[in-house]
Amino acid sequence: MNIILATHNKNKVIEIRNILNSYTVLTLDDLNDFDEVEETGKSFRENAFLKAEFYHKKYHLPVIADDSGLTVDALNGEPGIYSARYSKSGDPVENYKLLLENMKNIEDRRAHFNCTICYIDAIGSPHYFEGEIKGLINHDPLGKFGFGYDPIFYLPQKNKTFAELPSEEKNKISHRAIAIAKFIDYIKSI
Ligand code: ITT
């Protein structure tokens, strides 16, 4: 089955392809598609749907889109759906530096990553799959793997940040891995 993977984020493409290994996914790069979908939704679900719907309408093929982000308890859920554009530049390092700055005097470091996958099937019906992983905001960035906020997301059970975990390890436990596992279970069940 051909599924379009509706993301321009190259790190998501790598992670999702690795987790979905036996499924054929067509990336937007494969399609030479540079269209950007405006994320005007008010939730991960709405934004995942907007991205999936755009490409489904364009190509009439099944599509998966991922909307994800980091939610920090002490910042009333920020950056949440705005994770990719938290700082002015939207640069990943600027994003996590701003977050560390905003957490400077805050003791409560609890946070979670969320991933919502929207799968629009061949007949245009949307299906949603969600994954979440809890952690703490580290005081300093650590590690060289992963992307985005990984260097500041600390997992007590591993005593490491996400960026200190090699990709195979992150891909076993991440919010994205959990959401995709649910998607795979669904695909196998139909
Ligand atoms: P697409 O919309 O094209 O998929 P995007 O990067 O704009 O790409 P989102 O709108 O879903 O995607 O924003 C997700 C942001 O959340 C991402 O850019 C990171 O800043 C952060 N994020 C999501 N998952 C992450 C992960 O596994 N590790 C680190 N940061 C992550």
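A. Quick peek at the environment of Asp140. Along the chain, Asp140 falls in the loop between strand E5 (126-137) and strand E6 (153-155). It is 37 Å that separates the C-alpha atoms of Asp140 and Asp30, two residues lying 110 residues apart in sequence. What Asp140 contacts, discounting residues up to four positions off in sequence, is Leu100, Pro151 and Ile152.

B. Representation of the site of the ligand within the structure. As a matter of local geometry, the ligand sits amid 20 residues, with Thr7, Lys12, Lys51, Asp150 and Lys170 nearest to it. A distance of 2.7 Å separates an oxygen atom of the ligand from a polar side-chain atom of Lys51. Within the side chain of Asp67, one N or O atom sits 3.1 Å away from an oxygen atom of the ligand. For the ligand, the accessible surface in isolation is 610 Å², of which the surrounding protein chains cover 89%. Its atoms largely coinciding with the cavity grid, the ligand occupies the largest pocket. Within the residue set of the shell around the ligand, elements represented by two or more residues are strand E3 (63-72) and helix H5 (175-189). If you tally residues by element for the shell around the ligand, the top one is E3, at 4 residues. Considered class by class, the residues forming the shell around the ligand number 4 nonpolar, 8 polar and 8 charged.

C. Quick peek at helix H3 (residues 92-102). Residues of H3 that are buried: Asn95, Tyr96, Leu99 and Leu100. The arc that holds every buried residue of H3, seen down its axis, measures 130°, which confines them to one face. With a side-chain oxygen lying 3.1 Å from the backbone nitrogen of Val93, the N-terminal cap of H3 falls on Asp91.

Procedures and definitions
Residues numbered from 1 in each chain as written. Predicted model: local features only at pLDDT ≥ 70, side-chain atom pairs only at ≥ 80, totals over all residues. Heavy atoms only, no water. Helix = DSSP H or I, 4+ residues; strand = E, 2+ residues; numbered from the N terminus. Contact = heavy atoms within 4.5 Å. Near = heavy atom within 4 Å. Polar contact = N/O pair within 3.5 Å; in protein donor to acceptor, adjacent residues only side chain to side chain. Areas by Shrake-Rupley, 256 points an atom, 1.4 Å probe, with all protein chains shown as cover. 1 Å grid on protein atoms, 1.4 Å probe; cavity = no way out; pocket = protein on both sides within 12 Å on 5 of 7 lines; lining within 4 Å. Sits in = over half its atoms within 2 Å of the grid points. Nonpolar A, V, L, I, M, F, W, Y, C, P; charged D, E, K, R; others polar. Buried < 20%, exposed > 50% of the residue type's maximum accessible area, 1.4 Å probe, protein only. Arc of directions from axis to C-beta.

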